[in-house]
Structure formats: structure tokens, C-alpha cells
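Listed below, chain by chain, are the residues.
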Amino acid sequence: MLNLRIEDKDQNLAQQLADSKNKYQTILHNIRQGEEQYKESLGWLHTAQCAGESSLERIQALADKIRKDGEVFVVIGVGGSNNAARSVIEGLDTDGRVKILYAGNTLSPHSLNQVLREIEGKSVYINCIAKNFETLEPGASFRVLRKILHERYGSQAAERIIATGTKGSSLERLCKTMGYTFLEFPEDVGGRFSAMTSVGLLPMAAAGIDIRRLVKGAADMEKQLFAEPAEKNPAYEYACLRNLYYQKGYRVELLTSFEPQFQWFFKWWIQLFAESEGKENKGLLPVSAQYCEELHAVGQFIQDGTPLLFETFLDVREQNSSLKAESGYGEDFFDYLNGKDFWEMNKASFHATVKAHREKLPCLILEIDRLDEYHFGQLFYFFLFSCYLSAEILGVNPFDQPGVEAYKRWMFEALGKHGL
């Protein structure tokens, strides 16, 4: 199970954390009871509601069809519409039967042309994911890709085009007109909270991910966080720590790991906290670093730079692979590695880094048993629940994103969109 450890030299931290936990218990209680003011945004809070068996059956059946007939599945979405799925697909080993590509997350013609080259001569399915089908990035890519599929497959194209959107939206009307498959994007779930809905689960299932194990991990974490008292609740402790460090003047949280498999999970986490808490001139800036590589860059700043950040490590207990650095040809002065596994070296680097960094800044360590679907599900729910708590403690609405709309107004004006 998930475990949170604290590496902080401040001798007063234990009492400060206890005071903080006592102060905000009402927030934890209210969230568990269900807050009326946010009821239209809490469809993710209970896993059985957003990922019930009937929903999983339909998603898996559609994924099985894609895996039987398709070679490439293009996920068209931006931000919350693809980050969760991509973090699992890129983080776990899959059978490779269907290659997952991503579009709708950029307006770069070079990047989109790369996708188009990769689908040439392949059996293709596409899924446009857009809660608000006015978002330019996925809308533009969807135009290009469905045109290609109609030209390639003719009357059979509709069978290969899927859209995930809000009921009653222009996207659903388009699907009805054209005969495309339509999946519901729950109205009471925001994009960055949509990992356990058809938004995240269909691309995962198409890639061969065991989505039931993923949902089981999230459901078990939900039970734990709803049952454990405030003093033992890891999500509540994490939320209190984040706000305690913010009150102490820290302005950045750095999420790191020695497992590159978390690379895309970092992006999901960054969007979750940045979009949920960055309001009213408040909030920690969430950033990430991939170790060992960035120890030779960010590590220097951590040791000797401006003391503005604290660090949260993601650590995996169970060894997931093995490789030994046996002696090679010629003297290379690395004989101290004889018989040692890369897993052992990686762990030594991790523990050494924590020892070095905790001398300069607070370090939190989130440990999971292993990297698989179940534990990805646990991580998703842990951070979703923590983010809800943390934003409430900070005093901002966790579920809106007014600042995101600012660039869109100027962009639509520049492109000549009418009726703004």
C-alpha cells in the first residue's frame, strides 16, 4: 500500500503538522460527507459511480474491437483528456498489439504531420475527447484525422471514429449525424479528474491495460482515505504538509523519481495541481524532474540555489527489472560494480540523493509496492483526493480554471471566430 514518509530537519515540524491536522479536520469531514457547493464537480469522488461495471463492460468491448481490427489508435485530446491515459500507457509494458498515438495536444503542423506519417498504411481508429468541443487544439486535429479516415475507408469510416464528450453537446450532435460512436464524458467530472472515466479508461484498454485492476486500486484507495482518521490519513497529511510549507514561504513543489516510467505521470500531476490551486495569486508551482538525469542540472540548484522549493519523491519498493554491470574488456576502474544490479545502483542513488537534499530542503517520500495497474489506480485517487483537500485548505475552488480561458479569447479573436 501507499506510504508517506517525511525527511525534514525542522525539529518543530511534528508539532506544527499536528496543529495543522487539528485545524483543518472540518474540511476533511465535509469532503467525506459531500459538499453541496461542489456537487456538480464530484462525479470522480466515488469510483463505483464513475467506473461502474456496466461502464467498464462497454469500454472493454469497444477496446476489444479496436484491438482486433486496428493497428493504431489515435487519442485526440489536450491536457486532462489524455494525460492520465498516457501516463499509464507509457509507464507500463504493454503487448504492443495496438500503437497509441496522440494528437489534439498541439497546433504544430510538424508534430501533426508526424502522426499522419505514422498512420500511413495502418488500420486506424481515432477517439476525439473533448468535454467542451469549442477547444481549438483537439477540434482542429479531429477535422484532419476524420477527413483522412473518410477518404480511406468511405462508408466504413464511421465505425472507426469515436468521440467522448458531454451529452447534448455539438460533439454528440456530430456523432449522431455521422454515425460515430459516442461515449459520455460525465458532466460532473472535470478533465483533470477524469482518469477513472471513459476519458482515460478507453485508451488504456485499447493499449492492453487491465482497467479493472486500475479501478480496483483507485477504489481501495478511496476506501482507505474515507475510513482512516485525520491523524493517520496519508492524503490529509500530504495536503496539510503542502500548505504548511507554503505558509513557511516555499513556493514550488518538485515531484521527482528515479523511475523514468513516471515521466508522463508527472505531466498529469502538474496539470492537476497547477490548474486546481493556481488562483487568486495563490498556490504552489508544481514542477517535476526525472532522476538520475536531472540530478546533474536541477540537483545543483537544489543544493546551492534559492531556497524556494520542497521535494516529493515517488519511490517503488519492488524490483521491476534486473541487469548487472559485469566487468567488460579492459581496465575501466569500475570494478566496485562487479556483481551489482542496476536496481541496487538506482536505489543507492535515490537514498544518497534524499540524504543530500534533506540537508537543504524538506523532502517527502511517497512509496508504493510496485509499478502496475493497481498501484497507478492508487496513485491517481490519492493525488485527486489530496488535491481537493489541499485546494480547500488553501481557500480556492479546486474545480474551476478561469485563467485558462484568457488565452483562448485572444486566440479566437486572432483566428476570426465570431460571437465571442
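The text that follows walks through the structure, step by step, so that each part is easy to find.

Each value, and the rule that gives it
- Residues numbered from 1 in each chain as written.
- Predicted model: local features only at pLDDT ≥ 70, side-chain atom pairs only at ≥ 80, totals over all residues.
- Heavy atoms only, no water.
- Helix = DSSP H or I, 4+ residues; strand = E, 2+ residues; numbered from the N terminus.
- Rg over C-alpha atoms; globule rule 2.2 N^0.38 Å.
- Buried < 20%, exposed > 50% of the residue type's maximum accessible area, 1.4 Å probe, protein only.
- Contact = heavy atoms within 4.5 Å.
- Areas by Shrake-Rupley, 256 points an atom, 1.4 Å probe, with all protein chains shown as cover.
- Lys, Arg positive; Asp, Glu negative; His and termini not counted.
- Charge placed at Lys NZ, Arg CZ, Asp CG, Glu CD.
- Pairing = 2+ DSSP bridges.
- Axes fitted to C-alpha atoms, helices over the stretch in contact; angles between N-to-C directions.
- Core = buried A, V, L, I, M, F, W, Y, C linked by side-chain atoms within 4.5 Å.
- Parallel < 35°, antiparallel > 145°, perpendicular 65-115°, else oblique.
- Left-handed = near helix turned anticlockwise from the far one by under 90°.
- Disulfide = S-S within 2.5 Å.
- Salt bridge = Lys/Arg side-chain N within 4 Å of Asp/Glu carboxyl O.
- Polar contact = N/O pair within 3.5 Å; in protein donor to acceptor, adjacent residues only side chain to side chain.

Along the backbone of the chain there are 16 helices and 10 strands. At 23 Å, the chain has a C-alpha radius of gyration in line with the 22 Å of a compact globule built from 420 residues. Along the longest, intermediate and shortest principal axes, the C-alpha atoms of the chain span 70 × 65 × 45 Å. Taking all 420 residues of the chain together, 54% fall into the buried category. Restricting to contacts in the chain with at least 6 residues of sequence separation, those with at least 24 account for 79%. Taken as a whole, the chain presents about 19,300 Å² of accessible surface, with 50% of it coming from carbon and sulfur. A gap of 4 Å separates the mean positions of the 47 positive and 57 negative side-chain charges of the chain.

On to the sheet that holds strand 10 (residues 363-368). As summarised here, the arrangement of the 5 strands in space is 1-10-9-7-8, forming an open sheet in which the pairing is mixed. At either margin of the open sheet sits one strand with a lone partner, and together these are strand 1 (3-7) and strand 8 (285-290). Between one strand axis and the next, the sheet turns by 25 degrees as a mean value, whatever way the strands run. When strand 7 (residues 252-257) meets strand 9 (residues 309-316), the two strands line up parallel, connected through 6 bridges. If you follow E253 over to strand 9, its bridge partner there is F310. Of the strands in this sheet, strand 7, strand 8 and strand 9 are in contact with helix 12 (residues 263-277), which crosses strand 8 at around 170 degrees. Seen against the sheet, helix 14 (residues 342-357) touches strand 1, strand 9 and strand 10 and runs at an angle of roughly 155 degrees to strand 9.

This brings us to the sheet that holds strand 2 (residues 72-76). Overall, parallel pairing links the 5 strands, which are arranged 3-2-4-5-6 in an open sheet. A strand with exactly one partner marks an edge of an open sheet, and here the two such strands are strand 3 (99-103) and strand 6 (181-184). Ignoring which end each strand starts from, the neighbouring axes of this sheet average 20 degrees apart. Where strand 2 lies against strand 3, 5 bridges are found, and the strand directions are parallel. Across the sheet, V72 pairs through a bridge with K99, a residue of strand 3. Packing of helix 9 (residues 198-206) onto the sheet brings it into contact with strand 2, strand 3, strand 4 (124-130), strand 5 (161-165) and strand 6, and relative to strand 2 it is tilted by some 160 degrees.

In this structure, W44, F73, F262, F380 and F383 are the most contacted members of the largest nonpolar core, which totals 95 residues. Ranked by residues supplied to this core, first place goes to helix 15 (residues 373-394) with 14 residues. Membership of the second largest hydrophobic core comes to 26 residues, among which are L112, L145, Y180 and F182.

The next thing to look at is the packing of helix 2 (residues 25-33) against helix 15. Contact pair helix 2 / helix 15: the axes reach a minimum separation of 10 Å and the direction vectors enclose 130 degrees. When the interaxial angle is binned, helix 2 and helix 15 end up oblique. The element helix 2 and its partner helix 15 pack so that their crossing is right-handed. Contacts between helix 2 and helix 15 pair I27, L28 and I31 from the former with F385, Y388, L389, E392 and I393 from the latter.

Enumeration over the complete set of coordinates arrives at 0 disulfides. Free cysteine C128: the closest other cysteine sulfur is in C175, separated by 8.3 Å.

Considering the arrangement of structural elements, one finds E373 in helix 15. It is R213 that comes nearest to the buried, bridge-free E373 among opposite-charge side chains, at 6.2 Å. Among the polar contacts listed, one links the side chain of E373 to the backbone nitrogen of D210, at a separation of 3.2 Å. The contact partners of E373, leaving out residues within four places of it in the chain, are L92, I209, D210, R213 and L214.

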